[in-house]
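# Chain and residue survey
Now for the letters of each chain:
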Amino acid sequence: MNVRAARRIVFGLLGMYAVFLTWPGVVPVNRIRPLVFGLPFIMFWIVLWVLLVGAGFVLLNAAETRAESRAQTRAASGAASGAATGAQPRGKGGA
Amino acid sequence: MERWQVITGVVLAYLGVTLAIGLAAGRRVSSSVAGYVAADRQFGLLAMYFITGATIFSAFAFLGGPGWAYSRGAAALYIMSYGVLGIAPWYFLGPKAGRLGRRFGFVTQAQLVVGRFPSRTLSILLAVVSVAAFVPYLMLQMSGAGIVFSAVTEGHVPFWLGAALAYAVVVTYVLSSGVSAVGWTNVFQGIFMLCVAWALGLYIPIQLYGGVGAMFERIAEVRPDLLTLPGLTGTGRPWSWGAYSSAILASALGFIMWPHLFMKSFTARDDATMRRTVMLFPTFQIFLVPVFLIGYAGVLFPSPPAAPDFILPHMILETGLPVLVVGLFCAGALSASMSTGDALLHAAASVAVEDGLRPVRRLNDTQQRFLMRVLVVVIGGIAFWFAIVQQQTLVWLLLTAYGLVCQLAPPVYAALYWQRATTRGVLAGLAAGIAANVFFLVRADLRPFEVHEGILAVVINVLVMTTASMLDAPQAPAHTRAFVVEAAAEPRASAVV
């Protein structure tokens, strides 16, 4: 996944988080039963969203880390090929 | 040996370990302002994770959290809701601020804002707002330590002595090692408080009710009003949705704007460390689940505590736990208090010198560090005096603090994201925001739908800042680009090397 898509997911999750955890979005889930893992449903709901946003950030960080290392290898190989092309004219000049 | 002596022994052992870690931490950094305030920008993920989590979860989480769940029911869930929303922007702001810090040498939040909007007045105003918000918050941490100490030793260690013991340790390690002591003690304290909270949060419901589910079944029969939103107010009446929802949004907005937290952007080793700190924060946030379980366990507890905030120590003492466990609980609660108090104390002294004094007086590196150390003692002393003698005086400051800190959001965001913002615009907005915050606090009856005063004041702050900036001459493009555009990515050159 690229950085832009991951970023869109995170922003989407945060937006939904704000909507579903405050009035009026939270009203339909504002209930005690069913208990999940022993917790009242609304408490479980909030924990669930905390973890979902965390998962979103895991995705985004993975995408950014990948993009960074790719940029680094590109920069490194760019520098290497730059050195090679830099050597060429001198070689020609000598011939 | 009597019970309270064993408990005191356990707690003293904990304090000893904390002190040793704090003093040892100082040997890792240079003796310079950047070392004292920003740990030479060398904190890795372990230190950053715990410094963030342990700083955020204060004595309030350990005592106030159960107290809220106990007396106000589901209203407490707002505390769990705002954290993630509040820290999310830091994923983007933190690395950007850190990059600018490395480039221009910033170690505080105000230096970043004033770097973009050069103004002596702005710097001093930010310093005053920060310190004004820190002192009452620090006072709360100290009295939290005092409460726990005196409760579990049944008054053998008085309130003032408990607070003094815990904070003598804090002052000593902050004096000697600055932020690296804050960081490494927070690793220890963070692990400690997490373990204690989870252990007690699961143990107490199981012990008293036979399980978490069984406990909630019982509460659902007797007090269903405590289990659904928006819960109750402090006086036991239903809370309003407007107040509940806007408390989440206001807290989320102000969250990372607390300068003692924001300035940790400058301590991270690199971008990736900063990003992962935010990414992992939800795992720390879940720590509130056991904290609330403890509070809920108190709902059907036969004897009520002296005040809601005492519910945890009250139950600990009444359930006849082994004495070692009581001692560990006490140490856990002290960790929560001290791991926030140390960051506040350190930040207050650093901000007062870097942003309050330095703009008006030329100081060299040695003088700055000396003054910071003096202020650590002075500010600690002031907060202690208030905690012991005059707690009531600071209650109004505490109420204003969160709204005030929200007013720092527009300047920080404008500095990093809006090229057209100007110094005069930001100053005007900030002044208007602070005034509006105080106004809506005094005239709470004028707030529409009981919306939090911090939110209302931020709206006014942004409107004034925008209008005044647009009327003002724009800043030089080369200057604004450095903050808004160039800071958005790490320079390529460093990637090659």
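An account of the accompanying structure is given in this report. Being a predicted model, the structure only gives us computed values, none of them experimental.

Turning next to the overall build of chain B. The helix and strand inventory of chain B stands at 22 helices and 0 strands. On C-alpha atoms alone, chain B measures out to a radius of gyration of 23 Å, which is about the 23 Å that the 2.2 N^0.38 rule sets for 497 residues. The dimensions of chain B, computed from C-alpha atoms along their principal axes, are 70 × 55 × 45 Å. Put simply, chain B has 497 residues, and 61% of those count as buried. Intrachain contacts of chain B at a sequence separation of at least 6 include 85% that bridge at least 24 residues. As presented, chain B carries roughly 17600 Å² of accessible surface, and 67% of it is formed by carbon and sulfur atoms. Across chain B, 29 positive and 20 negative side-chain charges occur, with their mean positions spaced 12 Å apart.

For the rest of this paragraph, the subject is the packing of aromatic side chains. All names here are of chain B. In the structure shown here, the tally under the stated rule is 41 aromatic pairs over all chains. Aromatic side chains Tyr49 and Phe50 sit 4.9 Å apart centroid to centroid with 80° between the ring planes, which places their arrangement in the edge-to-face category. In terms of burial, Tyr49 and Phe50 fall into one category: buried. The ring of Tyr417 has Lys96 lying over it, and the distance from NZ or CZ to the ring centre is 4.1 Å.

All names here are of chain B. Scanning all chains against the criterion turns up 0 disulfides over all chains. Just so you know, Cys195 is unpaired, no disulfide at all, and the nearest cysteine sulfur is the one on Cys330, 17 Å from it. Overall, Cys330 belongs to the buried group, its relative accessible area being 0%.

This part is about the interface of chain B and chain A. Contacts between the two partners involve 34 residues from chain B and, on the opposite side, 38 residues from chain A. When chain B packs against chain A, the two sides together hide about 3200 Å² of surface, and 75% of this comes from carbon and sulfur. Its largest share of buried area at the contact with chain A, chain B owes to Phe92(B), Trp241(B) and Met279(B), together 16% of the area lost on that side. Across the pair Arg275(B) and Glu68(A) runs a salt bridge whose closest N-O atoms are separated by 3.0 Å. Run the count over chain B and chain A and you get 10 residue pairs in polar contact (both at pLDDT 80 or more). Elements that contribute at least two residues to the side of chain B that touches chain A include exactly helix H5 (77-104), helix H9 (212-222), helix H10 (241-254), helix H12 (271-285), helix H13 (288-297) and helix H22 (492-496) of chain B. The biggest single contributor to the side of chain B that touches chain A is H5(B), with 8 residues.

Analysis parameters
Residues numbered from 1 in each chain as written. Chains lettered and ligands numbered in written order. Predicted model: local features only at pLDDT ≥ 70, side-chain atom pairs only at ≥ 80, totals over all residues. Heavy atoms only, no water. Helix = DSSP H or I, 4+ residues; strand = E, 2+ residues; numbered from the N terminus. Rg over C-alpha atoms; globule rule 2.2 N^0.38 Å. Buried < 20%, exposed > 50% of the residue type's maximum accessible area, 1.4 Å probe, protein only. Contact = heavy atoms within 4.5 Å. Areas by Shrake-Rupley, 256 points an atom, 1.4 Å probe, with all protein chains shown as cover. Lys, Arg positive; Asp, Glu negative; His and termini not counted. Charge placed at Lys NZ, Arg CZ, Asp CG, Glu CD. Phe/Tyr/Trp six-rings, centres within 6.5 Å; stacked < 30°, edge-to-face > 60°. Lys NZ or Arg CZ within 6 Å of the ring centre and 35° of its normal. Disulfide = S-S within 2.5 Å. Buried area = accessible area lost by both parts, 1.4 Å probe. Salt bridge = Lys/Arg side-chain N within 4 Å of Asp/Glu carboxyl O. Polar contact = N/O pair within 3.5 Å; in protein donor to acceptor, adjacent residues only side chain to side chain.

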